[in-house]
Amino acid sequence: MTRTLLVRNGHVCDVETGEASVQDVLVSDGRIQEVGTGLSAPSSATEIDAAGQYLLPGLIDAHVHVSAGTADLGAQAEDSPFYVAAQTGRILKGMLDRGFTTVRDVGGADFGIAAAVAEGLWPGPKVHFGGKALSPTGGHADLRGSGRQVLDNHACCPNIGTVVDGVADVRRAARAQLRTGADHVKLMLSGGVASPTDRVDSLQFSAEEVRACVEEAENANRYVTGHAYTARAVNRGLKLGVRCIEHGNLIDASSVELFLEHDAFLVPTLVTYEYLHSEGAAAGLPPASQAKVADVLEAGLHALDLASKGGVKIALGTDLLGDMHRHQSDEFRIRGQVQTPAQVLRSATLVGAQLLGREGELGVVAPGATADLLLVDADPFADTAVLAHPERHLRMVLQDGRVAVDRLSGSTASSA
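Not measured: the values here are computed from a predicted model. (Residues numbered from 1 in each chain as written. Predicted model: local features only at pLDDT ≥ 70, side-chain atom pairs only at ≥ 80, totals over all residues. Heavy atoms only, no water.)

Novice: I'd like a description of the packing of aromatic side chains, backed by residues and values.
Specialist: On inspection of all chains with the given rule, the structure shows two aromatic pairs. Taking 6.4 Å as the distance between ring centres and 40 degrees as the angle between the ring planes, the aromatic pair formed by phenylalanine 100 and phenylalanine 332 counts as tilted. You can see phenylalanine 100 sitting in strand β7 (residues 100–105) and its partner phenylalanine 332 sitting in helix α12 (residues 330–335), a full 232 residues away along the chain. The buried category is assigned to phenylalanine 332, whose relative accessible area is 1%. Between tyrosine 229 and tyrosine 273 the ring centres are 6.2 Å apart and the planes differ by 65 degrees, which places this aromatic pair in the edge-to-face class. Here tyrosine 273 lies in helix α8 (residues 270–279) and tyrosine 229 lies in strand β12 (residues 223–230), a separation of 44 residues in the sequence. With respect to class, tyrosine 229 is no different from tyrosine 273; both count as buried. In this structure, arginine 243 packs its charged tip against the face of tyrosine 223, placed 4.6 Å from the ring centre. (Phe/Tyr/Trp six-rings, centres within 6.5 Å; stacked < 30°, edge-to-face > 60°. Helix = DSSP H or I, 4+ residues; strand = E, 2+ residues; numbered from the N terminus. Buried < 20%, exposed > 50% of the residue type's maximum accessible area, 1.4 Å probe, protein only. Lys NZ or Arg CZ within 6 Å of the ring centre and 35° of its normal.)

Novice: Break down unusual backbone geometry for me, with residues and values.
Specialist: Positioned with a positive phi, asparagine 9 is a non-glycine residue whose angle comes to about 65 degrees. By the element assignment, asparagine 9 lies in strand β1 (residues 4–14). Positive phi values are uncommon outside glycine, yet phenylalanine 205 reaches one of about 70 degrees. Along the chain, phenylalanine 205 turns up in the loop between β11 (184–188) and α5 (207–219). We classify phenylalanine 205 as buried; its relative accessible area is 8%.

Novice: Pulling in residues and values, what's your account of the nonpolar core?
Specialist: Counting residues in hydrophobic clusters, the biggest one holds 54 residues, and the most contacted among them are Val25, Leu59, Val127 and Phe332. Per-element tally for this core: the top contributor is helix α13 (residues 341–355), with five residues. The contacts of valine 25, once residues within four sequence positions are left out, are Leu5, Leu6, Val7, Val12, Ile32, Glu34, Val35, Leu39, Leu55, Val365 and Leu373. Ile160, Ala174, Leu240 and Ala303 belong to the second-largest nonpolar core, a separate cluster that totals 48 residues. (Core = buried A, V, L, I, M, F, W, Y, C linked by side-chain atoms within 4.5 Å. Contact = heavy atoms within 4.5 Å.)

Novice: If you had to explain the packing of helix α6 (residues 231–239) against helix α7 (residues 253–261) to someone new, which residues and values would you point to?
Specialist: The relative placement of two packed helices is expressed as an angle between their axes plus a distance between the axes. Relative orientation of the contacting elements α6 and α7 amounts to 20 degrees, with a least axis distance of 9 Å. Classified by the angle their axes make, α6 and α7 are roughly parallel. Where α6 crosses over α7, the handedness of that crossing is left-handed. On α7, the residues touching Ala231, Val234, Asn235, Leu238 and Lys239 of α6 are Ser254, Ser255, Leu258 and Phe259. (Axes fitted to C-alpha atoms, helices over the stretch in contact; angles between N-to-C directions. Parallel < 35°, antiparallel > 145°, perpendicular 65-115°, else oblique. Left-handed = near helix turned anticlockwise from the far one by under 90°.)

Novice: Account for empty space enclosed by the protein, naming residues and giving values.
Specialist: Taken as a whole, this structure holds three cavities of 30 Å³ or more when the rule is applied. Computed from the structure, the second largest cavity encloses a volume of approximately 50 Å³. Pro57, Gly58, Ile60, Thr101, Thr102, Glu361, Leu362, Gly363, Val364, Thr370 and Asp372 together form the lining of the second largest cavity. Residues belonging to the lining of the second largest cavity are distributed by class as follows: four nonpolar, five polar and two charged. (1 Å grid on protein atoms, 1.4 Å probe; cavity = no way out; pocket = protein on both sides within 12 Å on 5 of 7 lines; lining within 4 Å. Points joined across faces, edges and corners; volume = space filled by probe spheres on them. Nonpolar A, V, L, I, M, F, W, Y, C, P; charged D, E, K, R; others polar.)

Novice: Outline the pattern of salt bridges, listing residues and values.
Specialist: Taken as a whole and assessed by the stated rule, the structure comprises 18 salt bridges. With a shortest N-O distance of 3.1 Å, aspartate 24 and arginine 8 are connected by a salt bridge. Taken together, the positions of aspartate 24 in strand β2 (residues 19–28) and arginine 8 in strand β1 put the pair 16 residues apart, joining distant regions of the chain. Residue classification places aspartate 24 among the buried residues on the basis of a relative accessible area of 3%. Across the pair arginine 392 and glutamate 391 runs a salt bridge, and its minimum N-O distance is 3.9 Å. The same class applies to arginine 392 and to glutamate 391, which are both exposed. One salt-bridge network, held together by shared partners, links Arg171, Arg175, Glu215 and Glu216. (Salt bridge = Lys/Arg side-chain N within 4 Å of Asp/Glu carboxyl O.)

Novice: Mind laying out the side chain of threonine 349, listing which residues take part and the relevant values?
Specialist: You can see threonine 349 is positioned in helix α13. If near-sequence neighbours (up to four positions away) are discounted, threonine 349 is found in contact with Val15, Pro57, Gly58, Leu59, Ile60 and Gly363.

Novice: Break down the pairing of strand β16 (residues 373–376) for me, citing the residues and quoting the values.
Specialist: Burial of β16 is two-sided: the residues Leu373 and Leu375 facing one way and the residues Leu374 and Val376 facing the other way are all buried. Pairing analysis gives four bridges linking strand β5 (residues 54–57) to β16, with the strands arranged antiparallel. Within β16, the position partnered with leucine 56 by the bridge is leucine 374. Bridge count for β16 against strand β17 (residues 394–399) is four bridges, and the pairing is antiparallel. Residue valine 376 lies in a different strand from β17, and its bridge partner there is leucine 394. (Pairing = 2+ DSSP bridges.)

Distances and angles like these do not, on their own, reveal function.
What follows is the structure in structure tokens.
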């Protein structure tokens with residue numbers, strides 16, 4: 001049965017130009033059919049009066065861990081997969097309620113989670129997944145403490161990564177993730193905060209191992225994304241063919257040049273450091289990880305400013321864990337300290353869609369695009385607070401042309 005919906009008289013946001021104009025949007029079978037003034041629709045269509053509201057594309061969070069119900073990722077690896085799944089359902093619903101209609105999971109989510117959302121078993125954003133991130137022994141996804149020797153890499157263990165060493169094992173692990181339909185493969189290129197035994201400034205994997213993973217991903221028409229903080233780790237990854245860098249808090253001018261040269265993406269995740277610092281202990285972040293937060297907290301805004309002014313393609317990411325997922329929208333506020341509202345919104349829509357290979361389909365309000373749309377009650381190009389506070393400003397979420405979240409009064413929706 002054809003589902004048709006007409007959104008009338010909203011300020012339609014063009015995220016590319018940063019301008020909004022009053023128009024109608026006609027949606028049928030989950031896609032935008034027309035955008036213009038005075039549009040007509042069949043008598044059976046549902047009509048939404050969006051006068052005074054701003055209509056923009058659904059948001060894309062390009063760095064999430066939807067199965068991370070705790071900040072103690074090492075402990076979660078021993079939880080029941082059923083318990084982790086229950087937490088995942090709650091986390092996904094919260095993301096959709098905040099206006100995120102698509103996410104890219106870079107460690108933990110698998111084909112089952114993506115299918116559960118696609119089939120309507122869980123309300124939540126569409127999930128682009130990479131499966132388990134690849135880490136060397138002692139790397140960022142090796143969550144054993146110094147005294148633990150046993151390593152369980154079983155595919156069903158609910159952890160964010162798998163530990164592999166050597167070119168052959170890297171190839172095998174990359175192929176294993178790609179076999180399940182992964183949209184990308186993630187490599188741990190440097191140390192990180194949530195892992196107990198590595199330094200943030202360490203390099204991880206040999207050049208040969210990185211090249212092998214890049215080759216496997218490219219053979220499958222997919223790409224490698226890399227966790228990296230320092231300019232040394234970021235630059236090395238870009239030179240070896242990594243298409244996207246996660247975090248990048250400690251990049252420098254040479255990194256910006258390499259991003260441009262290789263047409264690569266950067267996904268900063270500033271909000272996670274702010275709340276790991278203030279709430280990490282309460283959320284289960286182990287003491288060894290708490291001590292590392294300061295290493296990257298202060299540098300993040302400077303790196304974002306450097307990359308933004310240099311013309312790097314920057315997507316929006318959050319990287320939150322446990323109870324801190326509720327702060328997801330605060331990324332808009334933090335980025336607003338060095339970027340304009342239009343730049344931040346573009347990161348969360350257009351650039352995110354480009355990174356996912358879904359340009360023209362996601363991240364725009366245009367004919368042919370998927371009807372993932374938000375209605376907010378104020379101009380998102382004027383103030384990042386509009387998207388930073390969805391509980392105040394987000395009035396409706398449409399996903400695939402269906403009303404997923406409705407905070408408008410009942411009188412605003414009717415059959416035409």
